[in-house]
Amino acid sequence: MKHLVFVGAGHAHLFPLSRTREFVRAGARVTLVAPGKFWYSGMGPGMVSGFYESADDTVDAERLVTEGGGEFVRAEVTRIDPAQRTLDLRSGPQISYDVLSLNVGSEVPLEKIAGAAEKGVPVKPIKNLLALRERLTTAGGDPRVVVVGGGAAGSEVCVNLWHLLKSSGRKPQLTLVFAEDRLLTQATPKASALLRRYMEELGVRLVGRSRVQKITADAVELDGDEIPFDALTLAIGIRPPALLREAGLPCAEDGSMRVNAFLQSVAHPEIFGAGDCICFGEYCLPRIGVYAVRQGPVLQRNLLAFLRAEPLEEFSPQEDYLLILNLGDGTGLLTYRGFAVRGRWAFWFKDWLDRRFVRQFQQS
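What counts as what
Residues numbered from 1 in each chain as written. Predicted model: local features only at pLDDT ≥ 70, side-chain atom pairs only at ≥ 80, totals over all residues. Heavy atoms only, no water. Pairing = 2+ DSSP bridges. Helix = DSSP H or I, 4+ residues; strand = E, 2+ residues; numbered from the N terminus. Axes fitted to C-alpha atoms, helices over the stretch in contact; angles between N-to-C directions. Parallel < 35°, antiparallel > 145°, perpendicular 65-115°, else oblique. Left-handed = near helix turned anticlockwise from the far one by under 90°. Contact = heavy atoms within 4.5 Å. Nonpolar A, V, L, I, M, F, W, Y, C, P; charged D, E, K, R; others polar. Disulfide = S-S within 2.5 Å. Buried < 20%, exposed > 50% of the residue type's maximum accessible area, 1.4 Å probe, protein only. Expected span 1.5 Å × (residues − 1). Bend = angle between axes of the 7 residues up to and from the residue.

Student: So what exactly am I meant to see when it comes to the sheet that holds strand 9 (residues 99–102) here?
Tutor: Note: strands within a sheet are paired through backbone hydrogen bonds, in either parallel or antiparallel orientation. Across the sheet, five strands lie side by side as 5-2-1-9-19; this open sheet has parallel pairing. Because the sheet does not close on itself, it has two edges, and the strands there are strand 5 (71–74) and strand 19 (271–273). Strand-to-strand, the axes of this sheet are offset by a mean angle of 20°, without reference to chain direction. Strand direction decides the pairing type here: strand 2 (residues 29–34) and strand 5, joined by four bridges, are parallel.

Student: Would you explain the packing of helix 8 (residues 152–167) against helix 9 (residues 189–202) in this entry?
Tutor: Closest axis-to-axis distance for the helix 8/helix 9 pair is 11 Å, and the angle between their directions is 25°. Taken together, the axis directions place helix 8 and helix 9 in an arrangement best described as roughly parallel. Seen from above, helix 8 lies across helix 9 with left-handed handedness. Residues S155, C158, V159, W162 and H163 of helix 8 pack against L195, Y198, M199 and L202 of helix 9. Residue composition of the contact of helix 8 with helix 9, by class: seven nonpolar, two polar and no charged.

Student: Just to check I follow, could you spell out the state of the cysteines for this structure?
Tutor: What the rule picks out here adds up to one disulfide. Residue C279 pairs covalently with C284 via a disulfide, S to S 1.5 Å. An S-S torsion of about 80° defines the bridge between C279 and C284 as right-handed. By relative accessible area, C279 is classed as buried at 0%. Residue C284 is classed as partly exposed on the basis of its relative accessible area of 24%. Lacking any disulfide linkage, C277 is separated from the closest cysteine sulfur, that of C251, by 9.3 Å. Residue C277 is classed as buried on the basis of its relative accessible area, which comes to 0%.

Student: What's the story with helix 11 (residues 289–307) in this structure? I'm lost.
Tutor: Residue pairs spaced three or four apart in an α-helix point in one direction, given the helix's 3.6 residues per turn. Over its 19 residues, helix 11 runs 27 Å from end to end, which matches the ideal 27 Å to within 8%, given 1.5 Å per residue. Roughly 30° is the biggest bend found in helix 11, and it falls at G296, with proline P297 one to four residues downstream. Where helix 11 is concerned, the buried positions are Y291, A292, Q295, G296, V298, L299, Q300, N302, L303, L304, A305 and L307. Among the residues trailing helix 11, A309 stands out with phi positive, at a value near 60°.

Here it is in structure tokens:
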């Protein structure tokens, strides 16, 4: 009996995990190794403002795999040995595999800024945002909050923090620091301008073209400036965990595992990967959930085909993607290709998409 092991309960793994019974029927033993529940990043900023609760945002990955006849191991993988086909865990016995699927996500590179790991709250893992909300909800006075990072994650978290503080009767004191000359550089200038105008209307202080030099006990130090804070959130980009490179797997410059069109490691065909932790050769897709979600069904079919020694299917990524930001006030900023608009209907659409995705695995 071949042993199929999933490491990580990320966006791309939810679909194949919900089909665990198909792997079992194909004669495989199935194991999921993950630290706990799946947290959906699309609802994370809305959880900050209190629009969503953790029950809305999470999927019980253990139930998905065990109801299909698989096994769940609550643990963190600390080492992959492709030669021996084994996994070392932070706690528990070593696990061997015949086929391995990696969906280990990404992390915020805190080491880039001195003091960040000690004083800041990274936006990943997503459960950090719930802890941040609870901390600010119980804090007295009008806390000074600084968010570092002007991309989608930093901007969404910033405005949702503003609405969290406002809803509790306090005067929000938010500062958003970003290195670029405009917000949301992955979108069009129009989308950036709409977002900037909205933040300025709220009263968020925007500090652009500024790089953080270090973080002290109570201040963010920039070039010639210092911003005091009571709470600090970091959205300074993401990178794959070091686990992949340390395993000796062929990786791109950023540390993501290089895969072929079938989502297999270019050096180890029995190792598959999906989501934020992979690159196609040296080409990395934008690290947004839509690509991982769409990889899920292809990954499921290819794992099953690999177990059966059948032909595999190529994954073809879409050229464009829809991006909708939750602005915390019941409106959303929608951008697609050259189009950008802010409105309530945009948030309703996002909310419907997000809830539909999560519920299919909460109820499966």
